[in-house]
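Structure assessment
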Amino acid sequence: MQSGFQPPALNCPLFPRCLACPPVCGKDAVVHICPSVGWLLCIAGTVGVAAVTAGPGVTNTVTAVKNAQMAESPVLLIGGAAATLQKGRGALQDIEQLCLFKPLCKFCASVRTVRDIVPTLRRAIAAAQFGTPGPVFVEFPIDVLYPYYLVEKELSFKETPRGLLGGVINCWELTTVPPPRPQALPSLCTDPWPCQALMVLPICVQVQQCVELVSRAKKPVMLLGSQVTLPPTPVEKLREALEALGIPCFLGGMARGMLGRDSPLHIRQNRREVLKEADLVILAGTVCDFRLSYGCVLSRRSIVIAINRDRAQMLRNSDVFWKPRVAIQGDAGSFLLSLSQGLKSYSPPQDWATSLKDGDQRKEKANREKSKEPTEQHLNPLKLLHHVDNLLPENSLLVLDGGDFVGSAAYIVRPWGPLRWLDPGAFGTLGVGGGFALGAKLCRPDSEVWILYGDGSLGYSIMEFDTFVRHKTPVIALVGNDACWSQISREQVPLLGSNVACGLAYVDYHLVAEGLGGKGFLLSRQDEACMDNIVQAAQEACREGHPTLINALIGRTSFREGSISV
């Protein structure tokens, strides 16, 4: 995010070696780019880096940083700060910034001298990657970044100071911003932080205990969360391990797509019923928070094995609603690999896996039937999502940003493979779409990047179409436009009998995209017969280099009725 703080930072010798990201319209969007970069590159030693100006530039990123914390994304946020001598003197954008981020970040620091820049950044990057990944924050007072002669001029440095105060100022300046040495800066920037995997690995005794428990199970099931995609285990090897185990899996977060689109092991429906029936449950990077009803969905008769990098997350609500037989603090992917090696001769009961897949297919058939039901007005959103799912190419990558419409998409739209699904995670932040998609397209320029938006969430990042256009970053945005905050209305109206503050308008979002230089398409009930043609036209426009938005006017269905996330 460009400002007076960035020029010296972005023009250092190190920057050309980074994955350069174009300046965006929203300061929160620049941080939302980082998780997608960190997850999609998925290389040990890789973090997403964002740079913002001091004061409001920093405070505008708080929500995005909290989202990165809860999504366990390695992010380095670099913020500007008032000059060191001007701290507390009413300088422009001079606020106490570290106190804002200490509750959110694994590491916070303020660089006070030039010699501290590299060591501080190395400590920050190591903290972002160690154990459970997360955000870190480093602030740079502006006098630490600019060339010596500019600082000397701005602070009125005098070669022969008068009085004690002048001498102190000169002494401070020479200590903090020493005179330039042409050979010094390259030496600081040519020794980058070495790539290395930093995590706690499961110990052999614990793995062997789990091997014995799984081998005796008649109805085992696994729940995989985003952590399984983290280094050091490549997702391709993890997929092979899961297929060798043959245990039915539910996939969540970035783990969606891990088994492809049509794997017999991937179960997408009836999770609550399956967990009540299972006799062994493996929670691999999955947390018993609101998404699993705080652990209430687990049967007290089931043997539960929990594996997580974060001990607090691993044992969330275990003292109330559930209790693990084995709890392992370590890397979930490495654990599953070791488990597969220990169960080479294991063959799970086929009737269990078959019954789950049969139930899955019956539920999906019922969903397809529901997609054929007419709505009072506009398109049935389930029908729209089924059509889009059928038209997604193998190189597609999905970004999810919304409430009710995105919640429906999670049941219907299938990513083609691992690391092809980006959602905000447990915090449920609206507005991640523009930043996530920009990062995704930069990391995977050959992918067809889709953003599935609710019309409420679109308002947070629609201006990033200007960024997409300026920097020739073609993506496709599909907006489920029902003129309502439906996720809220769905629970508010039955409980309180009022739709107050939930109503929006059927805005011409496709015209907004065109006004920013992109291509816009309107999809309404009148276009239902040629729905595929319009979606394919949008895909063709994207392949030609145009950022594209499909404004789909949708009605309301009873799908997900009663779903309240609190």
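You'll find the structure just up there.
Treat the numbers as computed from the prediction; the structure is a model and nothing was measured.

Re the sheet that holds strand 8 (residues 303-308)
Strand order in the open sheet formed by 5 strands is 6-5-7-8-9, and the pairing between neighbours is parallel. The sheet terminates laterally at strand 6 (249-251) and strand 9 (326-329), the two strands that pair on one side only. Neighbour-to-neighbour, the strand axes of this sheet turn through a mean angle of 10°, independent of strand direction. As paired strands, strand 5 (residues 220-224) and strand 7 (residues 280-284) are joined by 5 bridges and run parallel to one another. Along strand 7, the bridge assignment pairs Leu 223 with Leu 283. Against the sheet, helix 15 (residues 332-342) touches strand 5, strand 7, strand 8 and strand 9, its axis set at about 140° to strand 7.

Looking at the packing of aromatic side chains
Under the criterion given, the structure shown has 3 aromatic pairs. Between Tyr 411 and Phe 559, the ring centres sit 5.7 Å apart and the planes meet at 85°, which makes this aromatic pair edge-to-face. With a gap of 148 residues between them, Tyr 411 in helix 18 (residues 404-412) and Phe 559 in the segment after strand 15 (548-553) connect regions that are remote in the sequence. Exposure remark for Phe 559: the relative accessible area of 9% places this residue in the buried category. Of note, Arg 256 hangs over the ring of Trp 421, and the distance from its end group to the ring centre comes to 4.7 Å. Looking at Arg 291, its charged tip hangs above the ring of Phe 290, at a distance of 5.9 Å from the centre.

Some thoughts on helix 24 (residues 531-543)
Working note: α-helix, 3.6 residues per turn, so residues spaced by three or four point in the same direction. Helix length check: helix 24 (13 residues) gives 19 Å between terminal C-alpha atoms against 18 Å at 1.5 Å per residue, within 8%. Taken together, the buried positions of helix 24 are Met 531, Ile 534, Val 535, Ala 538, Gln 539, Ala 541 and Cys 542. Seen end-on, helix 24 carries its buried residues on one side only, within an arc spanning 160°. Opposite the buried face of helix 24, by more than 90 degrees, sit the exposed residues Asn 533 and Arg 543. Tucked into the core, helix 24 has its buried residues touching helix 17 (381-391), strand 12 (448-454), strand 13 (476-481), strand 14 (519-523) and strand 15.

Some words on unusual backbone geometry
The step from Pro 231 to Pro 232 runs through a cis peptide bond, and the omega angle for that step is 15°. For Pro 232, the location among the structural elements is in the loop between strand 5 and helix 12 (235-245). Phi at Asn 317 is positive, roughly 65°, even though this residue is not glycine. Among the structural elements, Asn 317 can be located in the loop between helix 14 (311-314) and strand 9. Positive phi, close to 55°, is recorded for Ala 483, a residue that is not glycine. Here Ala 483 shows up in the loop between strand 13 and helix 22 (486-496).

Overview of a positive patch on the surface
A grouping of Arg 271, Arg 272, Lys 276, Arg 300 and Arg 301 is seen on the molecular surface, where their side chains present a positively charged patch. Here Arg 300 is to be found in the loop between strand 7 and strand 8.

Observations regarding the sheet that holds strand 1 (residues 48-52)
Read across the open sheet, the 4 strands follow the order 1-2-4-3; overall the sheet is parallel. Of all strands in the sheet, those with a lone pairing partner are strand 1 and strand 3 (108-110), marking the two edges. Going from strand to strand, the sheet's axes swing by 15° on average, the running direction of each strand aside. When strand 3 meets strand 4 (residues 135-141), the two strands line up parallel, connected through 3 bridges. Residue Ser 110 lies in a different strand from strand 4, and its bridge partner there is Glu 139. Strands in contact with helix 6 (residues 117-129) are strand 2 (75-81), strand 3 and strand 4; relative to strand 4, the strand with the most contacts, it is inclined by about 165°.

Conventions adopted
Residues numbered from 1 in each chain as written. Predicted model: local features only at pLDDT ≥ 70, side-chain atom pairs only at ≥ 80, totals over all residues. Heavy atoms only, no water. Pairing = 2+ DSSP bridges. Helix = DSSP H or I, 4+ residues; strand = E, 2+ residues; numbered from the N terminus. Axes fitted to C-alpha atoms, helices over the stretch in contact; angles between N-to-C directions. Contact = heavy atoms within 4.5 Å. Phe/Tyr/Trp six-rings, centres within 6.5 Å; stacked < 30°, edge-to-face > 60°. Buried < 20%, exposed > 50% of the residue type's maximum accessible area, 1.4 Å probe, protein only. Lys NZ or Arg CZ within 6 Å of the ring centre and 35° of its normal. Expected span 1.5 Å × (residues − 1). Arc of directions from axis to C-beta. Patch = residues over 30% accessible without salt bridge, like charges linked within 9 Å, V, L, I, M, F, W, Y side chains within 5 Å. Areas by Shrake-Rupley, 256 points an atom, 1.4 Å probe, with all protein chains shown as cover. Salt bridge = Lys/Arg side-chain N within 4 Å of Asp/Glu carboxyl O. Lys, Arg positive; Asp, Glu negative; His and termini not counted. Charge placed at Lys NZ, Arg CZ, Asp CG, Glu CD.

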